[in-house]
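Descriptive structure summary
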Amino acid sequence: MNGYIAFVKKEFMENIKNYRFFILLAVFLILGTMSAFLAKFTPEILSALAADMEMASEPVALDAWKQFYKNISGVGFSAFIILYGSCLSSEYSKGTLVLMVTKGLSRKAVILAKYTVAAVLMTICYWISYAAAYGCTACLWNDTDLSNTAPAAYGLWLVGFLYLSILITGCVIFRQTFTSILFTGGIAAVISLPGMMEPIAGFSPFILTSKNVDLISGETVPSDFIIPAFVSVAVSISGLFVAIKLFQKKQL
Amino acid sequence: MNVLTIQNLSKSFGKQKIINDLSMSVAEGSIFGFIGQNGAGKTTTMKMVLGLLQSDHGEIRVCNELVCFGETKTNRYIGYLPDVPEFYNYMTPLQYLRLCGEIAGVSKGEVERRGRELLSLVGLEGAAKKIGGFSRGMKQRLGIAQALLTQPKLLICDEPTSALDPVGRKEILDILRRISGTTTVLFSTHILSDVEHICDHVAFLNEGKTAVCGTLAEIKALHGHDRLFLEFASDKDLQLFKKQKSIAPLMSLFQENHRELILRSSNMESIQKSLFGVFAETGICPIKIELMEPSLESLFLEVVK
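Please read all numbers here as calculations on a predicted model, not as lab measurements.

Rules behind the numbers
Residues numbered from 1 in each chain as written. Chains lettered and ligands numbered in written order. Predicted model: local features only at pLDDT ≥ 70, side-chain atom pairs only at ≥ 80, totals over all residues. Heavy atoms only, no water. Salt bridge = Lys/Arg side-chain N within 4 Å of Asp/Glu carboxyl O. Helix = DSSP H or I, 4+ residues; strand = E, 2+ residues; numbered from the N terminus. Buried < 20%, exposed > 50% of the residue type's maximum accessible area, 1.4 Å probe, protein only. Polar contact = N/O pair within 3.5 Å; in protein donor to acceptor, adjacent residues only side chain to side chain. Contact = heavy atoms within 4.5 Å. Domains from an automatic or database assignment. Pairing = 2+ DSSP bridges. Axes fitted to C-alpha atoms, helices over the stretch in contact; angles between N-to-C directions.

Before going further, it helps to spend a moment on the pattern of salt bridges. In a structure, side chains of opposite charge can pair up when their charged atoms sit close to one another. This model, assessed by the stated rule, comprises 21 salt bridges over all chains. As a salt-bridge pair, K42(B) and E159(B) come within 3.3 Å of each other at their nearest N and O atoms. Note that K42(B) is positioned in helix α1 (residues 42–49) and E159(B) in the loop between β7 (154–158) and α5 (166–179), a separation of 117 residues in sequence. Given the relative accessible area of 13%, E159(B) is considered buried. The shortest N-O distance in the salt bridge between E256(B) and K242(B) comes to 2.5 Å. Of this pair, E256(B) sits in strand β12 (residues 254–257) while K242(B) sits in helix α8 (residues 235–243); the two residues are 14 residues apart in sequence, bridging distant segments of the chain. For E256(B), a relative accessible area of 35% puts it in the partly exposed group. Each member of the salt-bridge network shares a partner with another, and the members are K10(A), E11(A), E14(A), E91(A) and K114(A).

Here is the structure:
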């Protein structure tokens, strides 16, 4: 436990000193703020650019949330995975972990500490982005009365943990950052496949990323998210378990 | 008591056998020189002792506890200094030592006290800048400080002086000599003068096993031959000298190079008596006569031949 806590502190320090945390915070904050503004002003921008273009309907608050989920699940998580993809490869290439392990740090503590810090940073960035999106949407659409915005956000947050778990497993298996990121993308694609197969589509964790807007608009209900949420948590824990097992036998 | 015992250790990388049935032990309180050519398997052996590499066969015990690959239990007895120690560049030396202390379960007060003490021992007490700005020698000294933080029973140094300039080398050797009273040191190198300076026990690693092992004095006495170096003024003198019947028995072990001759024997006194007799009889006056004592270098070359 000593080793785990010490390494968690070291990871926080590293993420602050190398600006990774600030970059991610800025990216997520911009995405959260931009979502509402883009949804509100895109029709006006387009009409200004093309005078003869008429928009079919006025933008509504739901458009802002559509934009938010599209941006966070696409750009936001991609930025997180790209920046965090080097969390182990840089330690492998420099050999910094050797001295830590020979000091008595357990390999399990290394993986758990890396995951904990990544998960905490992702959580901070994600909910700050959500708060920014919520605030801007409320300001731009005063009369909005949307329900389930928070449960929809919980779903995508859980998928964030799943991505991190896959990424850590990739980082353990491969020594290069790029291969770890490719691995994460590949496994995420494989996990999304059941979502296209009708009999088991309801179990796929990717419902949590694709149906958030339906939940806000009332087309689906929060109970539809329960099984995918459990599957997402179970796959995240399994991924972490596999990462620890593989790292126990990894040559440093 | 032995701090480290290695029995019948083997390790291959692909088809290449690096360590082949290696057995050796390091006695408590010694400074043990682990000598071998580049690629002889010194680092591989050390990594297996630290549980960083899996052995194919054999057993390693540190303070009588079995070393298992991937586990770090026996590492609580060991301080390790790799050949090129790497640290977190954004930390200061004291911050790094605090991290090491916390991982090893040393109390905060103790880490502060020992940290400052060790930084002073290795000459880094005033270095408040980040490790990223350190020279190689400074990193090596910080490596020793981190290795000694937990007061290990065994300090393993993997070629600590190989990449340093003469001043840096001397500093590291001085530090190792200073700590030798409290910690057993296993010190791998191919710089033989370093071994002669500080080690009391030596093992030569050749073809994956210990070719020679023992105290420095024992090894020199058992395996070393004294050598007598002769340089003649001309080739004619050398040929005349070789034709003398009385020196024929001395010529069983010799090396010839132009006008130079090296005679080997474990009884140098009788050789010298015979030689001076021959010189008096023939009137040959060699321009140089030198008695060469056995050195680790000559032993090493003999072992790896």
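Structure shown, so let's carry the discussion forward.
With that settled, the discussion passes to the side chain of E11(A). Residue and element names in this part refer to chain A. Relative to the elements of secondary structure, E11 occurs in helix α1 (residues 2–17). Of the polar contacts made by the side chain of E11, one reaches the side chain of K114; its length is 2.7 Å. The contacts of E11, once residues within four sequence positions are left out, are Y84, E91, A113, K114 and V117.

On domain assignment, one finds that chain B holds domain 1 (2–222) and domain 2 (224–304). For domain 1 of chain B versus domain 2 of chain B, the distance between C-alpha centres works out to 41 Å.

Along the chain, M13(A) turns up in helix α1. When sequence neighbours within four positions are dropped, the list of residues in contact with M13(A) reads Y90(B), M91(B) and Q95(B).

So, about the sheet that holds strand β6 (residues 78–81) of chain B. All names here are of chain B. Spatially, six strands are ordered β6-β7-β8-β3-β9-β10 in an open sheet, and the strand pairing comes out mixed. Strand pairing shows two members of the sheet lacking a second neighbour, β6 and β10 (209–215), which therefore form its edges. On average, each strand axis in the sheet is inclined to that of its neighbour by 15°, with strand direction left out of account. In the sheet, β6 pairs with β7 via four bridges, with the strands oriented parallel. When the sheet's bridge partners are listed, G79 is paired in β7 with L155. Helix α4 (residues 136–148) rests against β6 and β7 of the sheet, and its axis sits at about 170° to β6.

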